[in-house]
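# Observations on the three-dimensional arrangement
One-letter residues, chain by chain:
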Amino acid sequence: MPVRVLFFGAIADIVGKRELETGSASSSQLLETLTQEYTPLASHKLLVAVNQEYINGDVAINNGDEVAIFTPVSGG
Amino acid sequence: MDFCELTTEPIDITSVARRVVPPECGATVTLDGYVRKFTRERETLYLIYESYDEMALKEMQKLIDDAHSKFEISNVGIVHRTGRLEIAETSVVISVAAPHRKAAFEACEWLIAELKRTVPIWKKEVYAGGEEWVDQENS
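Report follows, based on the coordinates. (Residues numbered from 1 in each chain as written. Chains lettered and ligands numbered in written order. Predicted model: local features only at pLDDT ≥ 70, side-chain atom pairs only at ≥ 80, totals over all residues. Heavy atoms only, no water.)

### As for the interface of chain B and chain A
Threshold: Should any heavy atoms of two residues lie within 4.5 Å, those residues are counted as being in contact. Buried area: the accessible area, evaluated with a 1.4 Å probe, that two parts lose upon being put together, summed over both parts. In the sections that follow, a salt bridge refers to a side-chain nitrogen of Lys or Arg positioned within 4 Å of a carboxyl oxygen of Asp or Glu. Definition of a polar contact: a pair of N or O atoms within 3.5 Å, with one able to donate and the other able to accept a hydrogen when the atoms are protein atoms, and with sequence-neighbouring residues admitted only if both atoms are side-chain atoms. Think of it this way: any DSSP run of H or I at least four residues long counts as a helix, any run of E at least two long counts as a strand, and we number them from the N terminus. When residues are grouped by polarity, Ala, Val, Leu, Ile, Met, Phe, Trp, Tyr, Cys and Pro land in nonpolar, Asp, Glu, Lys and Arg in charged, and all others, Gly among them, in polar.
Opposite the 27 residues of chain B that make contact, chain A presents 21 residues. At the boundary of chain B with chain A, total buried surface from both sides reaches about 1900 Å², with 52% on carbon and sulfur atoms. Taken as a group, B:Y52, B:M55 and B:W122 account for 34% of the area that chain B buries against chain A, more than any other trio of residues on that side. For the pair chain B and chain A, the interface holds two salt bridges. At the surface where chain B touches chain A, the tally comes to 15 residue pairs in polar contact (both at pLDDT 80 or more). Where the side of chain B that touches chain A is concerned, the elements lending two or more residues are β4 (42–51), α2 (53–70), β7 (90–98), α3 (101–118) and β8 (121–127) of chain B. Partitioned by chemical class, the residues of the side of chain B that touches chain A number 12 nonpolar, six polar and nine charged.

### Focus on the nonpolar core
Note the following rule: Put simply, buried Ala, Val, Leu, Ile, Met, Phe, Trp, Tyr and Cys residues joined by side-chain atoms within 4.5 Å make one nonpolar core. The classification of residues rests on relative accessible area computed with a 1.4 Å probe and restricted to protein chains. Under 20% of the type maximum is buried, over 50% is exposed, and intermediate values are partly exposed.
The biggest cluster of nonpolar side chains holds 29 residues, and the ones touching the most others in it are B:I73, B:I78, B:I94, B:V96, B:L111 and B:L115. Counting only elements with at least two residues in this core, the list comes to β4, α2, β5 (75–81), β7 and α3 of chain B. Take this core: its biggest share by element is eight residues, from α3(B). Among residues more than four places away in sequence, those in contact with B:I94 are B:V29, B:T30, B:L31, B:G77, B:I78, B:C108, B:L111, B:I112 and B:L115. Grouped together as the second largest cluster of nonpolar side chains are 17 residues, A:V15, A:I61, A:V67 and A:I69 included.

Structure (structure tokens):
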């Protein structure tokens, strides 16, 4: 099973889609790859959740995981 | 009974407030958060709220669990609306029932502050001449 990567808000607008599939990697590798492909991402603070939990620092992302990438939240 | 929900429909504030009321309580504090017309002198036309639904519900439930350990409260209800919201429409309702009002006020304030910090929901402000996703810092 591939890794599902979900995008929300400003990040979805930059990437131009709400979801893509990729292979296993570390979270920092994934962010680096995405930032190279979608350079405007570099100007945003990016938060990462793996399987619907916030992560701190670099973590391994395994096949079947659901990763979400988004900017600081602004609900309320 | 505690509850947290997302909806694209208008929120009935009174029904949220009444659903948290148990017999042992004496006060419910309810926050009605709604869409403001002016932010830093710029006129908002409407807002679009977007949510990462599954994670947002999990984070709201965590807040409810944490509120129970921090405050002397009985029940908490949180309902957040998503989609397009017009000026003055309710975007979020938080109701906290407690035996005594002080804990309910404190818990309600803590819950909205944490919700705005942790629950994965974003708003896009649409104004005359443009639109932009709101930064956490100026929401």
